[in-house]
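# Working through the structure, step by step
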Amino acid sequence: MIRLFVGLGNPGTEYDDTRHNAGFWYIDQLARRLDVRLSMDRAYHGFMARANTPQGPVWLLQPQTYMNLSGKSVAALARFFKIAPNEILVAHDELDMLPGQVKLKQGGGHAGHNGLRDTHAQLGSPDYWRLRLGIGHPGVKAEVAAYVLRKPPSSERELIEQCIDKALQATDALLAGDMAKATTTIHAGAQRPKPPKLPRPAETQAAPTTEVAGKSSTPKEG
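The structure reproduced in this document is the subject of the present report. If you're wondering where the values come from, they're calculated on a predicted model, not measured in any experiment.

Tallying secondary structure elements over the chain gives seven helices and seven strands in all. Helices (α) and strands (β) of the chain occur, in sequence order from the N terminus, as β-α-β-β-β-α-β-β-α-β-α-α-α-α. Every one of the 222 residues in the chain was classed for burial, and the buried ones make up 44%. Sequence-distant contacts, at least 24 apart, represent 69% of the contacts inside the chain between residues at least 6 apart. About 12100 Å² of surface is accessible on the chain, with carbon and sulfur atoms providing 51% of the total.

A few words now on the sheet that holds strand β2 (residues 39–41). Neighbouring strands of a sheet are bound in pairs by backbone hydrogen bonds; such pairs are parallel or else antiparallel. Pairing is mixed in the open sheet, where seven strands are placed in the order β2-β3-β4-β1-β5-β7-β6. The open sheet terminates on both sides in strands that have one partner only, identified here as β2 and β6 (102–106). Each adjacent strand pair in this sheet contributes to an overall mean axis angle of 25°, direction not counted. The sheet contact formed by strand β1 (residues 4–7) and strand β5 (residues 88–94) spans four bridges and is parallel. Bridging across to β5, leucine 4 finds its partner in isoleucine 88. Lying over the sheet, helix α1 (residues 22–34) contacts β1, β3 (46–53), β4 (56–63), β5 and β7 (129–134), oriented at roughly 145° with respect to β4. Packing of helix α2 (residues 70–80) onto the sheet brings it into contact with β1, β3, β4 and β5, and relative to β4 it is tilted by some 160°.

Here aspartate 118 shows up in helix α3 (residues 114–123). Of the buried charged residues, aspartate 118 lacks a salt bridge, with arginine 117 as the closest side chain of opposite charge at 7.9 Å. When sequence neighbours within four positions are dropped, the list of residues in contact with aspartate 118 reads Asn68, Leu69, Ser70, Gly71 and Lys72.

For the structure on display, the rule yields five salt bridges. Here glutamate 87 ties to arginine 3 by a salt bridge, and the two come within 3.3 Å at their closest N and O atoms. Of this pair, glutamate 87 sits in the loop between α2 and β5 while arginine 3 is found in the segment before β1, placing the two residues 84 residues apart along the sequence. The class of arginine 3 is buried, set by a relative accessible area of 18%. Between aspartate 17 and arginine 157 there is a salt bridge, with its nearest N and O atoms 3.3 Å apart. A residue pair is termed long-range when its members are at least 10 positions apart, and aspartate 17 in the loop between β1 and α1 and arginine 157 in helix α5 (residues 154–168) qualify at 140 residues. With a relative accessible area of 35%, aspartate 17 lands in the partly exposed category. Among the residues examined, arginine 157 registers a relative accessible area of 22% and is labelled partly exposed. When salt bridges that share partners are traced, they join Asp17, Arg157 and Glu161 into one network.

By size, the foremost hydrophobic cluster in this structure holds 38 residues, and its most contacted members are Phe5, Tyr26, Leu60, Leu89, Leu131 and Leu174. Looking at this core, the element that brings in the most residues is α1, giving eight residues. Not counting the four nearest positions on each side in its chain, leucine 89 is found in contact with Ile2, Leu4, Phe5, Val6, Tyr26, Leu104, Trp129, Leu131 and Leu174. Residues Val6, Ala78, Ile88 and Leu116 belong to the second largest nonpolar core, which totals 17 residues.

The rules we used
- Residues numbered from 1 in each chain as written.
- Predicted model: local features only at pLDDT ≥ 70, side-chain atom pairs only at ≥ 80, totals over all residues.
- Heavy atoms only, no water.
- Helix = DSSP H or I, 4+ residues; strand = E, 2+ residues; numbered from the N terminus.
- Buried < 20%, exposed > 50% of the residue type's maximum accessible area, 1.4 Å probe, protein only.
- Contact = heavy atoms within 4.5 Å.
- Areas by Shrake-Rupley, 256 points an atom, 1.4 Å probe, with all protein chains shown as cover.
- Pairing = 2+ DSSP bridges.
- Axes fitted to C-alpha atoms, helices over the stretch in contact; angles between N-to-C directions.
- Lys, Arg positive; Asp, Glu negative; His and termini not counted.
- Salt bridge = Lys/Arg side-chain N within 4 Å of Asp/Glu carboxyl O.
- Core = buried A, V, L, I, M, F, W, Y, C linked by side-chain atoms within 4.5 Å.

If you want it as structure tokens, here you go:
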């Protein structure tokens, strides 16, 4: 079962509504669902709450260390309560997915996400679960840092909140350790990016004599 739910983000009111704090938004909603209140605990360097469930106690955590030191908070709590990496779920913003997309996965790389990078290092393992909340990509790598620290437009924020609502529907399965059911619940009906429209045959110019019959190019989904 998942015993520790972590949401990644940056502390401070100036960051509350920025894309990089999508993980915090998930934990805020989960706390409401489990009827617990987060409070600062300096021993774990973050806002923490304990919820008593039929499956046993679980912890909710929002590290207050800034994103690039998130693992310091996660590892401190995990070590004290003897929580294994595969019993941890980390919710975070995901550049490689569009707003409206959400995925649950275990393990893998950090893909340059500083919060995941430090969590890997501090836990000494990549085997924790990740709840990936799509925020989209600015299209230019040099603009990523500014992009994640900006507020999304209301239309995108609504899509992210819808993904969080979908993830919350899997809470019981996560608590029960039924990760297959949790994955199915979260992925069911997930939005996919729309491929670009190809020109209709009538709009395509006559092919030159060098055309190779049967060749076509179809864009792949990201």
